[in-house]
Amino acid sequence: MSNPPASSLPSRVTFAYLTHRNLGTVKKLNSVLFPIKYSDKFYQDITAPEVEDFCQLIYYNDVPVGNICCRLENKDLYLMTMGVLAPYRSKQLGSQALKCVIKAAASHSKPKIRRIYLHVQVSNADAKRFYERHGFKEVGIKEDYYKKIMPRDAWILERIIESEDKQNQGTPQS
């Protein structure tokens, strides 16, 4: 997947694939956005070529303000992290990033992705509502998912992915 054409997004918002050159920026953003420290393996994995369409930096006026990172798990896409710095929230940046990932998942063929899923800490009702607005449904609760933060339980949310053809034409594929 290539990045969306500039004309399809407000001119102030752009996305960039994650590379070893911008990994320091991702680490800095994550240290501010999330209450846990991610391993070196996490950062190595998010720059792998097979996930480049699913791991991106979010820029607003050429300033890095957030990121989204996913990993492939057989025919599933696991959304590991998504965050936008507080002053830039409510500008649709997270929504645009998530839509790009959903579109990339729908057009991915090797393997064909059947769903995107993620965990949301049960105390984060705002995040849960955000994902529900984007077609995700609660499918369960994972007890003791978080080891170092409270509360430890997480909602499991998922969105079933339809192929790009079904989304665009509304007709079943064989």
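Small disclaimer: the values here were computed from a predicted structure and weren't measured.

Caption draft 1: Quick peek at the sheet that holds strand E5 (residues 115–121). The seven strands lie next to each other as E1-E2-E3-E4-E5-E7-E6, forming an open sheet whose pairing is mixed. Since the sheet does not close on itself, it has two edges, and those belong to strand E1 (13–17) and strand E6 (137–142), each with one partner. Pairs of neighbouring strands in the sheet enclose a mean axial angle of 25°, with direction left out of account. The strands that helix H1 (residues 23–33) touches are strand E2 (56–60), strand E3 (63–73) and strand E4 (76–84); relative to E3, the one it contacts most, it runs at about 95°.

Caption draft 2: Representation of the packing of aromatic side chains in the model. Evaluation of the coordinates by the stated rule reveals eight aromatic pairs. On the basis of an interplanar angle of 90° and a centroid distance of 5.0 Å, the ring pair of Phe 42 and Tyr 43 is categorised as edge-to-face. Both residues of the pair, Phe 42 and Tyr 43, belong to the buried class. An aromatic cluster of three or more residues is present, and its members are Phe 34, Tyr 38, Phe 42 and Tyr 43. The side chain of Lys 27 reaches across the aromatic face of Tyr 43, ending 5.2 Å from its centre.

Caption draft 3: How the structure looks around H1. Restricting attention to buried positions, one finds in H1 the residues Leu 23, Val 26, Leu 29, Asn 30 and Leu 33. Down the axis of H1, the buried side of the element spans an arc of 120°, and every buried residue falls inside it. Exposed and oriented more than 90 degrees from the buried face of H1 are Lys 28 and Val 32. If you follow the buried residues of H1, they end up packed against helix H2 (40–45), E2, E3 and E4.

Caption draft 4: Quick look at the pairing of E5. Within E5, seven of the seven residues are buried, which leaves it mostly tucked inside the rest of the structure. Sheet topology places E4 next to E5; three bridges connect them, and they run parallel. Across the sheet, residue Leu 77 finds its bridge partner in E5, namely Ile 116. In this view, the connection linking E4 to its parallel neighbour E5 by way of helix H3 (residues 93–107) has right-handed handedness.

What counts, and at which threshold
Residues numbered from 1 in each chain as written. Predicted model: local features only at pLDDT ≥ 70, side-chain atom pairs only at ≥ 80, totals over all residues. Heavy atoms only, no water. Pairing = 2+ DSSP bridges. Helix = DSSP H or I, 4+ residues; strand = E, 2+ residues; numbered from the N terminus. Axes fitted to C-alpha atoms, helices over the stretch in contact; angles between N-to-C directions. Contact = heavy atoms within 4.5 Å. Phe/Tyr/Trp six-rings, centres within 6.5 Å; stacked < 30°, edge-to-face > 60°. Buried < 20%, exposed > 50% of the residue type's maximum accessible area, 1.4 Å probe, protein only. Lys NZ or Arg CZ within 6 Å of the ring centre and 35° of its normal. Arc of directions from axis to C-beta. Right-handed = clockwise from strand over helix to strand, strands pointing away.

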